[in-house]
Amino acid sequence: MGLTRQYLRYEPAALFGLVASARAGVAFVALRGERGRYVAVPACEHVFVWDTRKGEKVLILKGLKQEVSCLCPSPDGLHLAVGYEDGAIRVFSLLSGESTITFNGHRAAVTALQYDHLGGRLVSGSKDTEVIVWDVINESGLYRLRGHKDVITQVLFLKEKNLLVTCAKDTLVKWWDLDTQHCFKTLVGHRAEVWGMALLSNEKRLITGSADSELRVWDLAYIQEVKDPDEPESKKSKGSSSPGAEENTEEDETLELDEHPEERIVKCSKVGSIMREGRDRVVTLGTDRMGKFLACHGTDAVLEVFSVLSEEEIQKKLEKKMKKARKKAKQNSEEEPERSVELSLQEEIQRVTNVKASSKIKSFDLILSPKGELKMVLLLQNNVIELYNLDLSAQVPQAVRVSRITIGGHRSDVRTLAFSSDNIAILSAAAESVKIWNRSTLQCIRTMECEYALCSLFVPGDRQVIVGTKTGKLQLYDLASGSLIETLDAHDGAVWSIALSPDQHGFVTGGADKCVKFWEFELVKDESSVQKRLSMKHVRVLQLDEDVLCVRYSPNQKLLAVSLLDCTVKVFYVDTLKFFLSLYGHKLPVLCMDICYDGTLIATGSADRNVKIWGLDFGDCHRSLFAHDDSVMYLQFVPKSHLFFTAGKDSKIKQWDADKFEHVQTLEGHHQEVWCLALSPNGDYVVSASHDKSLRLWERTREPLILEEEREMQREAEYEESVAKEEQPVVAGERQGETGLAGRKTIETIKAAERIMEAIELYREEMAKLKEHNAICKAAGKEVPFPVNPILRAYGNITPSAYVLEVFKKVKSSELEESLLVLPFSYVPDLLRLFNEYIQLGSDVELLCRALLFLLKIHFGQITGNQMLVTVIENLKKTTISRVSEARDVLGFNMAGLQFLKREIEAKDEVTFFADATERFEEKKRKRKKKEKMVLALL
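Quick summary incoming for the structure in this document.

A word on the environment of W496. Along the chain, W496 falls in strand β38 (residues 495-500). Given the relative accessible area of 39%, W496 is considered partly exposed. Each C-alpha atom, one on W496 and one on D547, is 9.2 Å from the other, the two residues being 51 residues apart in sequence.

So, about a nonpolar patch on the surface. Residues L898, F900, L901 and I905 make up a contiguous nonpolar surface patch of about 410 Å² in total accessible area. Within the secondary structure, I905 sits in helix α13 (residues 869-938).

A few words now on the sheet that holds strand β37 (residues 483-489). Across the sheet, four strands lie side by side as β34-β35-β36-β37; this open sheet has antiparallel pairing. For this open sheet the edge positions go to β34 (453-458) and β37, each flanked by a neighbour on one side alone. With direction set aside, neighbouring strand axes in the sheet form an average angle of 20°. In the sheet, strand β36 (residues 473-478) pairs with β37 via six bridges, with the strands oriented antiparallel. Pairing of K473 across the sheet is with D489, part of β37.

Before going further, it helps to examine the packing of aromatic side chains. Each pair of aromatic rings is reported with the distance of its centres and the angle of its planes. Overall, the coordinates contain eleven aromatic pairs when judged by the stated rule. Measuring from ring centre to ring centre gives 5.9 Å for F572 and F579, while their planes differ by 75°; the resulting arrangement is edge-to-face. Note on F572: relative accessible area 6%, which makes it buried. Since its relative accessible area comes to 47%, F579 is described here as partly exposed. Chaining the aromatic ring pairs together yields one cluster made of F507, W519 and F521.

Once that is clear, we can look at helix α10 (residues 828-841). Given 3.6 residues per turn, any residue in an α-helix points the same way as the ones three and four places further on. The end-to-end C-alpha distance of α10, which contains 14 residues, comes to 20 Å, matching closely the 20 Å that a straight helix rising 1.5 Å per residue would cover. Judged by how many residues are buried, α10 sits mostly within the fold: ten of 14 residues are covered. For α10, the full list of buried residues reads V828, P829, D830, L831, L832, L834, F835, N836, Y838 and I839. Positive backbone phi, at 80°, marks G842, one or two positions downstream of α10.

The residue T171 is not glycine, and still its phi comes out positive at about 70°. Relative to the helices and strands, T171 is located in the loop between β15 (163-168) and β16 (173-177). Positive phi outside glycine occurs at L577, with the angle close to 60°. Inspection of the secondary structure assignment puts L577 in the loop between β44 (569-573) and β45 (579-583).

Another point: a negative patch on the surface. A surface patch of like charges, here negative, comprises E754, E758, E761 and E765. In this fold, E754 is placed in helix α6 (residues 747-780).

Here is what the cut-offs are and how they apply
- Residues numbered from 1 in each chain as written.
- Predicted model: local features only at pLDDT ≥ 70, side-chain atom pairs only at ≥ 80, totals over all residues.
- Heavy atoms only, no water.
- Helix = DSSP H or I, 4+ residues; strand = E, 2+ residues; numbered from the N terminus.
- Buried < 20%, exposed > 50% of the residue type's maximum accessible area, 1.4 Å probe, protein only.
- Patch = residues over 30% accessible without salt bridge, like charges linked within 9 Å, V, L, I, M, F, W, Y side chains within 5 Å.
- Areas by Shrake-Rupley, 256 points an atom, 1.4 Å probe, with all protein chains shown as cover.
- Salt bridge = Lys/Arg side-chain N within 4 Å of Asp/Glu carboxyl O.
- Pairing = 2+ DSSP bridges.
- Axes fitted to C-alpha atoms, helices over the stretch in contact; angles between N-to-C directions.
- Phe/Tyr/Trp six-rings, centres within 6.5 Å; stacked < 30°, edge-to-face > 60°.
- Expected span 1.5 Å × (residues − 1).
- Lys, Arg positive; Asp, Glu negative; His and termini not counted.
- Charge placed at Lys NZ, Arg CZ, Asp CG, Glu CD.

Now the structure itself:
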């Protein structure tokens, strides 16, 4: 079958106009050995790393399709964990910018991420209400924790104990023992969602933020600590009790523990509350890495910063208070005042200052610099990052704004776009400014303040631009100087549409005042200079019965199409303004339309989600296409063709063929409503603007696009998506409990299982062939050449069993368990025999033991019931135990060696340290003696 019609594919070329998305948090990252200078922010599906000092983008961590929903830098500062909208987690290296590990476990957006203090484990919480703990080093999931009934908002590892704290929108804070993987305690002191929490004072305190202006504070006592006799009592300055009383309290404690078994590990008691100034809910609550400062903000623009006193500072304060109390007591000649002296919660957690940002805060991060300054980075709702410094040594600490990253984007949604006639410059205009971008470098060349822009165009010659505003004004800007030349009151309502006349002598505007106005360009004398300047002259007006939403000229300038609020499109003759055609059929107003280059077709896009293609000679409707899942916001023909693009509120951009009435391709990239798009005059570029604050550039490639192949790819993608959504396979004898497997079934795990099955089948075939070959050789009495399988030859003439191991090693560590879970049992006996063979050779013992134990766990009944496998299991038991103990011995020896080296290095360092100190001491002595001699000489 020959190619009936060839289309060229449009590919995404760039994302620009975005400083940061407000979906996920902002985080300081260590880059090039510097902390507190570089910040990582989400940018739709990517993560941008900005240099706050220079205001430049230094690194882009490229995502796939899904939007970023969560960020967390690793404690060593070398990696960044990124959670996505579809539940995937990718770990990026900040040195190379590459994604090294992918974890698939959640079924919905990742909402919380946290590393443990060593960076070896990562815990994630999600919208699917589940918490998963991942092993970062082994690149695999450890277990899934179920218990919450709503979206997880925060997850925290404890440093000293193997415990985890999680909070969610279900008003609960849960404590998990990770040794036994169960929830041993639930805090129920909240009436509304728990939006955030933080651990303070060496994990002796927990602070939670909810939907009110209270930050609740809980004291944590770890029961093992209470029983430790050597430890001094914690802040019991209320007077000493007798030893007998102590024994009683101990007895009471043991009784209490038996009554409340959940308090065997940790005891939580509410101490009180700290009042915020904000009246609304807490959006983010967090501390700096040292836990010395606590900050939180609500849905407004104020960040409240508190300082948390350390134990030494608390002790000093207590001593001061004691002295004062004693003085008072002496004056009043009273008894010892020790009983009444203790610090209030407000004195331990003190308010430092409030930081007022320029717009609503979405998230923040704190870092304490070595100079003693507190650095705060704020991610704002309006596409801005602000960095503040707080000088803590000042009497009244005040936050000073150090830098602000704004130039790379608009503060609000872009409502209009236009291309210059040479395809090089792009105009974008929003509620507060007009920006001109260079298409090739994507740099912002000009930023000019404007009113709320709704439509725009480049004046022929590309030296000026005109913007139509919501207040009915036309604003004319000069690009060379970046200044506003002229403002005209064009309409009494919003200027909804503007169209350049094909002869380029003027333009037409349509507004909410039911008028279509015709304008011509003219040169007028400028008062300030000798030269003439460009101006606009109002020539004619066409009065209509309804608001005008869109106007378009036909290419020969004979007809003018006007879309009205009554859902019709009226076509008039330009010269006489007489009525020619009425196009009716849309159920809701036509928001956009365009006429093709030869003037034969007009395409209209409406809020009823349909696109209609009409003939302009008789006004007949050729076809109605259901185009988008929401309103069609913009429509434009590709120059010199009958293909056109539509943009919809369903975040998609689609290309259509107006002759064949076919959908050609969908450009997916935006995550929210697409407001407008513009095609370059040569048709090679499309630029689009969306509610996600991003501008995207799409480029026409030379690659032909065949519709049948496109449909096939679409079907495959749909199948892969449906596979991932299927229910998990049931493991015999397992109930849906508090814990579960960390992974989830994806198309990758199914493909991995298929590869293992194919490898085992090839192994079976080759072994059968080898048997036959041996029999033939025996019968012939001589060695007959054996044909080698081409796959094995490609791997370097390896044995069939070695090939199975190669395939097994190529399965991603994070997908191993899920792949083995979908592997049919008929392949398991062969695998077990092969495992025995490999482990005897001592190859990949760790990986094979992990797979072996998992297979034994899920197929326990079938394996134990199979008589043929008894000997295999016995052999495996012997070889595995011996090999694992060997591996353990090697590890132990290496650890001992490393510790020895560490001790040696430390000893050397101490020697040099003491040598330095002695030298310095001698130097000081010499200087002092010199001084004394000089003084004596003077005397």
